[in-house]
Amino acid sequence: MNPKMSELRKKAMALPLLPGVYIMHGKDGSIIYIGKAKALKNRVSQYFGSQNNHPEKVRRMVDNVDDFEYIITDSEFEALILECSLIKQHTPKYNILLKDDKGYSYIRVGGGDWGKLSYVLQKADDGATYIGPYKSSFYVKSAVEEANKIFMLPTCSRRFPQDFRKGRPCLNYHIRQCMAPCTGRVKLSDYRESLSQALDFLKGGSSNSVKKLTEQMEAAAENLEFERAARIRDKIAAVKRMGDKQKVVLSKVLDEDVIASFENDGKTCFQVFRFEGGRLFDRESFIFDSGDAESDTEEFIIGYYTMRPDIPKNIALHSGFEGIEDVGRWLSEKRGSKVTLSVPQRGEQAQLAAMCRSNAAEALAQQKGATAREFNVLEELRQTLGLEKLPEYIECYDISNLAGTENVAGMVVYKNGKPLKSAYKKFKIKGFDGQDDYASMAETLTRRFEEYYAAEKSDEGFGRLPDLILLDGGKGQVAAVRGVFEKMDIDVPLFGLVKDDKHRTRAVTGEGGEIAISSKRGLFSFLSKMQDEVHRFAIGYHHARRKNAAFRSSLTSIEGVGEVRAKALLKYFRTIDNISKADLKELESAPKMTRDSAFSVYRYFHSEDEAQN
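About the thresholds
Residues numbered from 1 in each chain as written. Predicted model: local features only at pLDDT ≥ 70, side-chain atom pairs only at ≥ 80, totals over all residues. Heavy atoms only, no water. Helix = DSSP H or I, 4+ residues; strand = E, 2+ residues; numbered from the N terminus. Buried < 20%, exposed > 50% of the residue type's maximum accessible area, 1.4 Å probe, protein only. Contact = heavy atoms within 4.5 Å. Areas by Shrake-Rupley, 256 points an atom, 1.4 Å probe, with all protein chains shown as cover. Pairing = 2+ DSSP bridges. Right-handed = clockwise from strand over helix to strand, strands pointing away. Core = buried A, V, L, I, M, F, W, Y, C linked by side-chain atoms within 4.5 Å. Salt bridge = Lys/Arg side-chain N within 4 Å of Asp/Glu carboxyl O. Axes fitted to C-alpha atoms, helices over the stretch in contact; angles between N-to-C directions. Patch = residues over 30% accessible without salt bridge, like charges linked within 9 Å, V, L, I, M, F, W, Y side chains within 5 Å. pLDDT = per-residue confidence, 0-100. Expected span 1.5 Å × (residues − 1).

**Q** How should the overall build of the protein be read in this particular structure?
**A** A tally of helices and strands in the protein yields 20 helices and 19 strands. Within the span of the protein, comprising 613 residues, buried residues form 46% of the whole. Long-range pairs, those at least 24 residues apart, make up 59% of the contacts in the protein between residues at least 6 apart in sequence. Carbon and sulfur atoms form 48% of the exposed surface of the protein, whose accessible area is close to 32,300 Å².

**Q** Please clarify how the pairing of strand β7 (residues 256–264) should be interpreted in this entry.
**A** Each regular strand shows side chains that alternate between the opposite faces of the sheet. The element β7 is extensively covered by neighbouring structure, given that eight of its nine residues are classed as buried. Both β7 and strand β10 (residues 314–317) contribute to a ladder of four bridges, which runs parallel. When the sheet's bridge partners are listed, Asp257 is paired in β10 with Ile315. Both β7 and strand β8 (residues 267–276) contribute to a ladder of eight bridges, which runs antiparallel. Residue pairing across strands places Asn264 opposite Lys267, the latter belonging to β8.

**Q** In this structure, what is going on with the pairing of β10? I would like to understand it.
**A** In this sheet, strand β11 (residues 340–342) lies alongside β10 in parallel orientation, the contact comprising three bridges. Bridge pairing in β11 places Ala316 opposite Ser342. Taken together, β10, helix α10 (residues 324–335) and β11 form a β-α-β motif whose crossover is right-handed.

**Q** Mind showing me how you'd approach the nonpolar core here?
**A** One recurring pattern in soluble globular proteins is that nonpolar side chains are buried together. If you look at the biggest cluster of nonpolar residues, it comprises 31 residues, and the most contacted ones within it are Leu381, Ile394, Leu468, Leu470, Phe526 and Leu527. Of all the secondary structure elements, the ones that give two or more residues to this core are α11 (347–367), α12 (372–385), β12 (393–402), β13 (405–415), β16 (468–472), β17 (494–499) and α15 (521–556). Sort the elements by how many residues they give to this core and α15 lands first, with six residues. Residues within four places of Ile394 in sequence aside, it is in contact with Leu378, Leu381, Val412, Val413, Tyr414, Leu468, Leu470, Phe526 and Met530.

**Q** What is the right way to look at the pattern of salt bridges in this model?
**A** Tallied over the full model, the rule gives 21 salt bridges. For Arg308, the salt bridge goes to Glu284, with nearest N and O atoms at 2.5 Å. Note that Arg308 is positioned in the loop between α9 (293–307) and β10 and Glu284 in strand β9 (residues 279–289), a separation of 24 residues in sequence. The same class applies to Arg308 and to Glu284, which are both buried.

**Q** Help me understand the side chain of Ser194 in this model?
**A** In this structure, Ser194 sits in helix α7 (residues 188–222). With residues near it in sequence (within four places) discarded, Ser194 still touches Phe151, Leu153, Met179 and Lys235.

**Q** Quick question: what am I supposed to make of the sheet that holds β9 here?
**A** Hydrogen bonds along the backbone pair up the strands of a sheet, which may run parallel or antiparallel. A sheet is described by the order of its strands in space; here five strands give the open sequence β9-β8-β7-β10-β11, paired in mixed fashion. The two strands at the open ends of the sheet, each matched to only one other strand, are β9 and β11. Put simply, the sheet's adjacent strands are angled 15° from each other on average, direction ignored. Sheet contacts for α10: β10 and β11; angle to β11, the most-contacted strand, approximately 150°.

**Q** Got a minute to help me understand a nonpolar patch on the surface in this structure?
**A** On the surface, Leu18, Tyr70 and Ile72 cluster together to form a nonpolar patch covering roughly 260 Å² of accessible area. In this structure Tyr70 comes out as partly exposed when scored by relative accessible area, which is 35%.

**Q** How should the sheet that holds strand β6 (residues 129–134) be read in this particular structure?
**A** Taken in spatial order, the three strands make up an open sheet running β5-β4-β6, and their pairing is antiparallel. The open sheet is flanked by β5 (117–120) and β6, the only strands paired with a single partner. The mean angle between the axes of side-by-side strands here comes to 20°, regardless of whether they run parallel or antiparallel. Two strands pair when backbone bridges link them, and strand β4 (residues 105–109) and β6 are joined in this way by four bridges, in the antiparallel orientation. Bridging from a neighbouring strand, Ile107 pairs with Ile131 of β6. The strands that helix α5 (residues 137–150) touches are β4, β5 and β6; relative to β5, the one it contacts most, it runs at about 170°.

**Q** Sorry, what's going on with the confidence of the model for the protein here?
**A** As a general rule, the predicted coordinates of low-pLDDT regions are not to be interpreted in detail. Overall, the predicted model of the protein reaches an average pLDDT of 83, with 88% of residues at or above 70. Taken element by element, the protein is modelled with least confidence in helix α20 (residues 608–612), mean pLDDT 51, and with most confidence in strand β1 (residues 20–25), mean pLDDT 95. In this model, residues 244–251 is a region of pLDDT below 50 whose contacts with residues beyond four sequence positions or in other chains number ten contacts.

**Q** How do you make sense of helix α13 (residues 437–454) when you look at a structure like this?
**A** Given 3.6 residues per helical turn, the α-helix brings residues three or four places apart onto the same face. Between its first and last C-alpha, α13 extends 26 Å over 18 residues, near the 26 Å set by a 1.5 Å rise per residue. Ser440, Met441, Ala442, Glu443, Thr444, Leu445, Arg448, Phe449 and Tyr452 are the residues of α13 that are buried.

Rendered as structure tokens:
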């Protein structure tokens, strides 16, 4: 903790309740954070109060504050203008700082008769032809990929005509995405025609390309070049299909930017979709340490449009923030005309914002080896159960027995929405005999957290505290384990999975009662699969123990073989079949065995004459 915390708080409490900008300095006097406030006293004093409610990024910043200064303004809007100017001037460490690393992109047409289409970030003096520059690398990459597919141009590393007939055509040829000049059977005139048509498509867009191709097809048909006309017809169909795919939304899309964010585990990803002419022409993704959700959004928008000279008339957001009107006014002044910031609640605009947020979740999920779909169901679980954080690491428990015999428990683990089988654990109930699912569950979780304390929080296996514990059972199991948590000082969200008469998951139960999940398809499927998995794992362990018990009971019927020797034999030979096939010498050499007991076992599985020999 910052040793100057009390001193800084005292200074903050003396600030006026006026709008302004505050400037945090580090120990070396450098500016580490700049912010604005409607009431300086209220905002700045929050930093130097309790640290429990601050995200990690804010705590780190506060720990490094040595002093702060402030500038009073006439309005919060003036504070916003001054904040933007100071951030641009000083680039403080703990502000969201976005770098404009979007250089220009080019379409490259390789030199020679058999030139290929590709996209590059820099021009080179290599004899190729370059078309551009284009500001959006996303657009150039997508357009070149589309053109190569539609006009069946090669994208491999083979050189022509040097590599004619030197290998079989690749998969692209077989799925009709390449004409395969490598076979040596493609005429140069046909190749050059396709390349020219692809360039027309890239320069003129889908509609102009279709018009030109249609003219070429009709001319070929008039000249009785029916094969060529058919090839052009297929290209027209491909262009039209690709055009349909490019319509990201249903009908009317404004020329606008769509901005959404997804936050998880101390990281936030902002995604920006840029629309022009009714189609998505660019997208960008930014990931950085999380702070306060509302201030992060405001900071991001200011930073993004500080480095982007082209501000659209409309900006749709997935979620709003307190200073949205002032930011809209700032953007309007920067653009020179009205800019509308909105948070759509329904219709296509709301669908676009949701899609943008899903892509932000996907980008963040990829860093953790998960998918947006898995993150979304975890977010739905978090909201349904009222959890403080995303349940990335979940443990689920089930009990299995038969009339009180061979009591066992199984634990399965889900990490980032997927089974983590290396972390699965089995428990043999040892504390009592007979059937008592509540006591069995309590014993299992007691032993699990004894291992946690013994592991000294190693973040591996039992040394890690889960984000959520689920029990196969209702309020009785939850109550039994809740007592264990209180006794062992464990603070982990705990819920039970309740099944219906057909053994299907129907609800989640906790201290506040049951929570229905049947209407939430994604969450229902996720929890059902988890409950089925833990049941399969626990009952599999139970069946294995019953089988071993049956084996041991058959062995103990042999003269001279008790429980200890039966266990030792099974452990050594693994199966009854192996024991029955073992010769006398092998049986004698097994642990716990004597010559007489080995002879008894051998005689049990073989005829008496064979045993005498």
